[in-house]
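Below, each chain spelled out in residue letters.
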Amino acid sequence: MNYLVQACTDIGITKQTNQDSFVAKVINTSSGRMMIAVMCDGMGGLEKGEVASATLVSAFNRWIQEVLLKVKMESLHEDFIKQQWTNLILENNEKIKVYGKKCGVSLGTTVTAILLTDTLYYIVNVGDTRVYEISRQGQRIITKDHTVVYKEVEQGIITEEQAHIDPRRSVLLQCVGASEQVYPDFFFGVPIQNAVYMLCTDGFRHEILPEEIYHYLQPDNMVNQEVMKNNILTLIELDKQRNERDNISVITVRTY
């Protein structure tokens, strides 16, 4: 499988710093061609959120170099990824907490990562950064938000429409660095050829409609990197015109 990758970030209209961090790489390994992307959203209300998000992205970068590039395909199974990524996230949860205590600040970050191979995708999530799968048949959100309102939607207390405008929509139940305990969610599946896998921070998706995401990011409209970038920037500009107040970051991966 081959991949076209495009990523964009914007500080937005109100923030003084961009607390989002990400990496997206297509890599050639002894086990074949793969794509890995990591998206981290430093906690908006917490100080030094950009330090927390960059710390976790750096940890994933080291893991790519030290582990992923060397692992044999037969070892690349769900339990291996679960163990490796859980350990990485828990270690950095402690690392960020210790740093915060030394500096007298509170900081944290969400994390969402995807590894795409020819046969499987592997996804981990803590917080409310998301992975979407967008194909000619439609779109779906693969990850589940760790937020107060998402939990209430699952419990039937509020509807998805109510959650979208709820003032608590960005209140997290857990994040890396600001939670005593972190419980990553994992998702595994078979990747679709001629699809788009999109990772985004919550600042990207609050002010635009699912129909708008699909219109611009569906695979037939993501034919090369220049078009991909223009489509992403169009949606980011819509966010800003509609007064989105957060940083805005997006990674798109077109499989073919």
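Residues numbered from 1 in each chain as written. Predicted model: local features only at pLDDT ≥ 70, side-chain atom pairs only at ≥ 80, totals over all residues. Heavy atoms only, no water.

**Q** An account of the sheet that holds strand S7 (residues 138–141) is requested, with residue identities and associated values reported.
**A** Strand order in this open sheet of five strands is S1-S10-S9-S6-S7, and the pairing throughout is antiparallel. Here the strands that pair on one side only, and so sit at the sheet edges, are strand S1 (3–10) and S7. Across the sheet, the mean angle from the axis of one strand to that of its neighbour is 15°, orientation sign disregarded. When S1 meets strand S10 (residues 248–255), the two strands line up antiparallel, connected through eight bridges. Residue pairing for S10: alanine 7 is matched across the bridge by isoleucine 251. (Pairing = 2+ DSSP bridges. Helix = DSSP H or I, 4+ residues; strand = E, 2+ residues; numbered from the N terminus. Axes fitted to C-alpha atoms, helices over the stretch in contact; angles between N-to-C directions.)

**Q** Describe the packing of aromatic side chains, with residues and values.
**A** Two aromatic rings are characterised by how far apart their centres lie and by the angle between their planes. Scanning all chains against the criterion turns up five aromatic pairs. Taking the centre distance of 5.8 Å and the plane angle of 70° together, the rings of phenylalanine 60 and tryptophan 85 count as edge-to-face. Of this pair, phenylalanine 60 sits in helix H1 (residues 49–68) while tryptophan 85 sits in helix H2 (residues 78–103); the two residues are 25 residues apart in sequence, bridging distant segments of the chain. Each of the two residues, phenylalanine 60 as well as tryptophan 85, counts as buried. Ring centres of tyrosine 122 and phenylalanine 188 lie 5.9 Å apart, and the angle between their planes is 85°; on these two criteria the pair is classed as edge-to-face. You can see tyrosine 122 sitting in strand S5 (residues 121–126) and its partner phenylalanine 188 sitting in strand S8 (residues 185–189), a full 66 residues away along the chain. On the accessibility criterion, phenylalanine 188 (23% relative accessible area) is partly exposed. The rings of Phe60, Trp63 and Trp85 are connected pair by pair, giving a single aromatic cluster. (Phe/Tyr/Trp six-rings, centres within 6.5 Å; stacked < 30°, edge-to-face > 60°. Buried < 20%, exposed > 50% of the residue type's maximum accessible area, 1.4 Å probe, protein only.)

**Q** Pulling in residues and values, what's your account of the sheet that holds S5?
**A** On the basis of which strands lie adjacent, the open sheet formed by five strands has the order S2-S3-S4-S5-S8 and antiparallel pairing. Edge positions in the sheet fall to strand S2 (20–29) and S8, since each has one partner strand and no second. Taking the axes of each pair of neighbouring strands and ignoring which way they run, one obtains an average angle of 10° across the sheet. Relative to S5, strand S4 (residues 111–116) runs antiparallel, the two sharing six bridges. Following the sheet pairing, alanine 113 is matched in S5 by valine 124. Sheet strands in contact with H1 are S2, strand S3 (32–41), S4 and S5, and its direction is about 10° off that of S2. Most of the contacts of H2 go to S5, to which it runs at about 30°, and overall it touches S3, S4, S5 and S8. (Contact = heavy atoms within 4.5 Å.)

**Q** Lay out the packing of helix H6 (residues 210–217) against helix H7 (residues 225–241) with the relevant residues and their values.
**A** Their axes nearest at 9 Å, the elements H6 and H7 cross at an angle of 155°. With respect to their mutual orientation, H6 and H7 come out roughly antiparallel. Two packed elements cross with a definite hand, and for H6 against H7 that hand is right-handed. Across from Glu212, Ile213, Tyr216 and Leu217 in H6, the residues of H7 making contact are Asn231, Ile232, Thr234, Leu235 and Leu238. (Parallel < 35°, antiparallel > 145°, perpendicular 65-115°, else oblique. Left-handed = near helix turned anticlockwise from the far one by under 90°.)

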